[in-house]
Amino acid sequence: MLNTAIDTRPVSVRPVWQALLERPGALWALILGVTTLRLLLAAFVPLFPQEAYYWTWSRQLDWSYFDHPPLASYSIALTTALAGQTVFGIKLAAVAWSVGWNVLWARLVLDMFGSRRLAFYCVAVLNLCLLYQVMGVGIAPDGPLLFGWVGTVWALWRVSSTGRAAWWFVAGLFAGVAMLGKYSAVLLLPVVLLYLLFSPTQRHWLRKPQPYLAMLIALLIFTPVILWNADHGWASFAFQGSKRVGAMDRFKPHFALVLLGTQLLLVTPYLLGLSLSSLMRGAKGWWAGTLDDRTRLLLLSAAVPLVLFTLVSLRSHAKPNWLAPAYWSLIILGVQHVLAEGSARWRAGLLSSAALTIASVVLVLAPTAPFMRGADSWSGWREAAQQVAVEQQRLSAEGVRSFVFGPNYKISSLIRFYLPGQGRTYAQDIYGARALQFDHTVPPEQLKGATGLLVLSDQSQSSLDLKRLKPYFESCTPVRKLQTSAFGREVRRIDIYRCSNYSGHPRLTGQVGDDTDSDVESAD
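Scope of this entry: the structure provided in the associated data block. (Residues numbered from 1 in each chain as written. Predicted model: local features only at pLDDT ≥ 70, side-chain atom pairs only at ≥ 80, totals over all residues. Heavy atoms only, no water.)

### Observations concerning the nonpolar core
The biggest cluster of nonpolar side chains holds 135 residues, and the ones touching the most others in it are Y132, W328 and V335. Here this core takes 14 residues from helix α5 (residues 87-113), the largest share from any one element. Other than its neighbours up to four places away in sequence, W328 contacts W105, L108, L126, Y132, L146, W149, V150, V153, L298 and S301. In this structure, L456, L469, C499 and Y502 belong to the second largest nonpolar core, which totals 17 residues. (Core = buried A, V, L, I, M, F, W, Y, C linked by side-chain atoms within 4.5 Å. Buried < 20%, exposed > 50% of the residue type's maximum accessible area, 1.4 Å probe, protein only. Helix = DSSP H or I, 4+ residues; strand = E, 2+ residues; numbered from the N terminus. Contact = heavy atoms within 4.5 Å.)

Here you go:
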């Protein structure tokens, strides 16, 4: 007789799962899935005030703009031309940049470590980071900045790993894109220089022309920003330079605590811990002289912005998104270390990051919860714009010219987006205060004698003492009040005032960065 034995031991799914991750299509399927999810979110997540502000720039394309270089708004102009002047059309720009940096993350990990499994896990974990999810559905200068930053690091690694000088020109192109996205891309210069200085195998490039030609390529791409500044009294350079430095006049450690709190939320506690562990482990390896070039490059990519903006936070307010270029390389190093250890304890940490990210999305989609009152800056504006349009029609029927303005760029930009026809609106420039990009657009049409419709809300920095308007209008009277309630509590109030017989657009006085501008904050 033929005896057969049946093995009843359970079959482990781990080798099967690992084999699937090693397939070439798994990584790109992950990126496709993440992109599809972001497209769905872009269809439902509301328009943020900063996005509306950058959208207004796209309606009047220029070489550059007061707050930032132009690439974010250029991309908005492109995606809204394709998908319409809609919330989805604006957010499509953010999704497009996120596709770019996901592909670059994947390519960089594959080239550095040669492991599809590691690349899969790195891309998956990076997309659990709330900071990058926000950037993936909300267009801002950080999107093109991150794309150009990752691309520069990847091209620099290709220089290191292949020895081919042509990759320097690719690095220059990516660095130029980063600089055309946001001024903080200038930090790529110390990243590259420190890497070449401290890498014995790459130091020879400092004696060759290619790195300097790469810098020239980046500078040429940045030329539109230089031209705009030259034509506007170097206003943007002064605002982002002298004003920032001027704000760091004394030791203010509470700002560092604020920065830490925002990073815990945006990076998520587990991924922030993973990042800092990578940084500490790298510092020890650097001190011991055991670092290889790939670890050195990833560490420097993170350490330069991380150290600089942490120091800034000790003397001034550092915005939470400023550290976006820092974390991705530390997370890659952290994932590589965890997988090499073979520890399964990190799953709970990833689940916590995923839970926090999902909870944040839910809160954005349901902003009328009472505890969201201080954080919700995006709801109620469609309804407010409809009421403003009714008032404009009423004034037009009476033969009265009108215009719309608000106390800051956020209200002005959101109202403009939701107004029928999306006609121009104004900000605090109407009553002689500094108003960021509003001060540098084409001079307004003749508004003297017209009636201004003022929109205010109960949010911080959105109120206005009406006495300030007395030199510019005969009278300001309330005409409409919108209230949004949830769970029996008021969560948003928007007031509309009719301000009659405008005396005319005032000439601004003072320079950017004066004390009179202390209430003007850039959309960073």
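### A word on the pairing of strand β2 (residues 451-457)
Among the seven residues that make up β2, seven are buried, leaving the element largely enclosed by the rest of the structure. Going residue by residue along β2, you find T451, L453, V455 and S457 tucked away on one face and G452, L454 and L456 tucked away on the opposite face as well. Looking at chain direction, strand β1 (residues 402-405) and β2 are connected through four bridges and run parallel. The residue of β2 that forms the bridge with F403 is G452. (Pairing = 2+ DSSP bridges.)

### Notes on a nonpolar patch on the surface
On the surface, F169, L213, L216, L219 and L220 cluster together into a nonpolar patch covering about 440 Å² of accessible area. With four residues, the top contributor of residues to the nonpolar patch is helix α11 (residues 210-221). On the basis of relative accessible area, L216 is assigned to the partly exposed category, the value being 44%. (Patch = residues over 30% accessible without salt bridge, like charges linked within 9 Å, V, L, I, M, F, W, Y side chains within 5 Å. Areas by Shrake-Rupley, 256 points an atom, 1.4 Å probe, with all protein chains shown as cover. Salt bridge = Lys/Arg side-chain N within 4 Å of Asp/Glu carboxyl O.)

### A short note on the environment of D524
Among the secondary structure elements, D524 is positioned in the segment after β4 (489-500). As a C-alpha pair, D524 and D142 span 382 residues in sequence and 8.6 Å in three-dimensional space.

### Some remarks on the side chain of N127
Relative to the assigned elements, N127 resides in the loop between α6 (116-126) and α7 (130-137). Not counting residues within four places of it along the chain, the set of residues in contact with N127 comprises V34, R38, N102 and Q133.

### What about the state of the cysteines?
Linking two cysteines covalently via their sulfur atoms produces the bond known as a disulfide. Overall, the coordinates contain one disulfide when judged by the stated rule. The disulfide partner of C476 is C499, and the gap between their sulfur atoms is 2.4 Å. What sets the handedness of the C476 and C499 disulfide is the S-S torsion sign, and at about 120 degrees it is right-handed. Here the residue C476 occupies a position in strand β3 (residues 475-486), and C499 occupies one in strand β4, the gap between them amounting to 23 residues. Judged by its relative accessible area of 22%, C476 is partly exposed. Residue classification places C499 among the buried positions, given a relative accessible area of 0%. (Disulfide = S-S within 2.5 Å.)

### Remarks on the environment of A324
Turning to its location among the elements, A324 is positioned in helix α17 (residues 324-341). Looking at A324, the relative accessible area reads 1%, which means it is buried. With 181 residues separating them along the chain, A324 and G143 place their C-alpha atoms 9.4 Å apart. When neighbours within four sequence positions are excluded, A324 is seen to be in contact with L131, Y132, M135 and L146.

### Things to note about the pattern of salt bridges
Taken as a whole and assessed by the stated rule, the structure comprises ten salt bridges. The partner of E51 in a salt bridge is K91, with the nearest N and O atoms 2.7 Å apart. Separated by 40 residues along the polypeptide, E51 in helix α3 (residues 49-58) and K91 in helix α5 bring together distant segments of the chain. Owing to a relative accessible area of 0%, K91 belongs among the buried residues under this scheme. Via salt bridges that share partners, E391, R394, R480 and R498 belong to a single interconnected network.

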